[in-house]
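# Fold and geometry: a report
Each chain, letter by letter, is given below.
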Amino acid sequence: MPHITIDYSAGLEDAFDRRGFAAELHPLIAETITTSASACKTRLRQVDETLVGEEAVDGSVIHIVIAIQPGRTPEVRGRLTEAVLALLGEHLKPADGLRVETSVETREIDPSYRRS
């Protein structure tokens, strides 16, 4: 715990430094929500097709979901979300004609969660 899922458009493979981002993401999460960086589990999923807007035009998207144990205040979750969004910007290289939509959600995992 926490579980991090990063969905990113296939066209971002060269522009998004995924390994570098994850290497800095885990300590950031640990510091912000008082957990261990070694507890962070990240899944990176390349999405072959992403469509954006009313006309569903091809677009580039990165969406991150951070699922954490219940008990953190909305303010702490909000600080984490903002910090992750800022860090994400540091790991995206500009590319000609490429506009990237980025979003981050920090949510509490359901109390039914179990692991083994």
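Residues numbered from 1 in each chain as written. Predicted model: local features only at pLDDT ≥ 70, side-chain atom pairs only at ≥ 80, totals over all residues. Heavy atoms only, no water.

Before going further, it helps to spend a moment on the nonpolar core. In this structure, Phe21, Ile64 and Ile66 are the most contacted members of the largest nonpolar core, which totals 21 residues. At the level of secondary structure, the elements contributing two or more residues to this core comprise strand E1 (3-9), helix H1 (18-33), strand E5 (60-68) and helix H2 (74-90). With five residues, the single largest contributor to this core is H2. Apart from residues no more than four positions distant in its own chain, Ile66 is found in contact with Pro2, His3, Ile4, Ile29, Leu80, Val84, Val104, Glu105, Thr106 and Arg107. (Core = buried A, V, L, I, M, F, W, Y, C linked by side-chain atoms within 4.5 Å. Buried < 20%, exposed > 50% of the residue type's maximum accessible area, 1.4 Å probe, protein only. Helix = DSSP H or I, 4+ residues; strand = E, 2+ residues; numbered from the N terminus. Contact = heavy atoms within 4.5 Å.)

This brings us to the packing of aromatic side chains. Scanning the entire structure with this criterion turns up two aromatic pairs. Summarising the aromatic geometry, the rings of Tyr8 and Phe16 are spaced 5.9 Å apart at their centres and angled 70° between planes, so their arrangement reads as edge-to-face. Taken together, a centroid distance of 5.8 Å and an interplanar angle of 55° make the contact between Phe16 and Phe21 tilted. Comparing Phe16 with Phe21 shows no difference in burial state: the two are buried. Taken together, Tyr8, Phe16 and Phe21 form an aromatic cluster joined through their ring pairs. (Phe/Tyr/Trp six-rings, centres within 6.5 Å; stacked < 30°, edge-to-face > 60°.)

Confidence along the protein averages 92 in pLDDT terms, with 98% of residues attaining 70 or more. The least confident element of the protein is strand E4 (residues 57-58), whose mean pLDDT is 70; the most confident is H2, at 97. (pLDDT = per-residue confidence, 0-100.)

What follows deals with the packing of H1 against H2. Remark: H1 packs on H2, axes separated minimally by 10 Å, with the N-to-C direction vectors making an angle of 160°. In terms of their interaxial angle, H1 and H2 are classed as roughly antiparallel. As H1 runs across H2, the sense of the crossing is right-handed. Taking contact as the criterion, the partners of Phe21, Glu24, Leu25, Leu28, Ile29, Thr32 and Ile33 in H1 are, on H2, Val76, Leu80, Ala83, Val84, Leu87, Leu88 and Glu90. Looking at the contact of H1 with H2 residue by residue, the class counts come to eleven nonpolar, one polar and two charged. (Axes fitted to C-alpha atoms, helices over the stretch in contact; angles between N-to-C directions. Parallel < 35°, antiparallel > 145°, perpendicular 65-115°, else oblique. Left-handed = near helix turned anticlockwise from the far one by under 90°. Nonpolar A, V, L, I, M, F, W, Y, C, P; charged D, E, K, R; others polar.)

Moving on, we come to the pairing of strand E2 (residues 41-47). Pairing of E1 with E2, which is carried by seven bridges, proceeds in the parallel orientation. Within E2, the residue paired with Ile4 across the bridge is Thr42. (Pairing = 2+ DSSP bridges.)

As a further point, take the pattern of salt bridges. Inspection of every chain in the model, using the stated rule, returns three salt bridges. Here Arg77 and Glu108 are joined by a salt bridge, their closest N and O atoms 3.3 Å apart. Here Glu108 lies in strand E6 (residues 100-108) and Arg77 lies in helix H2, a separation of 31 residues in the sequence. When its relative accessible area of 34% is taken as the criterion, Glu108 is described as partly exposed. Here Arg99 makes a salt bridge to Glu101, at a shortest N to O gap of 2.8 Å. By relative accessible area, which is 29% here, Glu101 ends up partly exposed. (Salt bridge = Lys/Arg side-chain N within 4 Å of Asp/Glu carboxyl O.)

Attention shifts here to H2. Residues spaced three or four apart along an α-helix point in a common direction, a consequence of the helix completing one turn every 3.6 residues. In a regular helix each residue adds 1.5 Å, so 17 residues correspond to 24 Å; H2 covers 25 Å between its end C-alpha atoms and thus fits that length. Along H2, the residues classified as buried are Val76, Arg77, Leu80, Thr81, Val84, Leu87 and Leu88. Down the axis, H2 shows its buried residues gathered within 135° of arc, on one side only. Residues of H2 that are exposed and point over 90 degrees away from its buried face: Pro74, Glu75, Arg79, Glu82 and Glu90. Where the residues of H2 are buried, they touch H1, E5 and E6. (Expected span 1.5 Å × (residues − 1). Arc of directions from axis to C-beta.)

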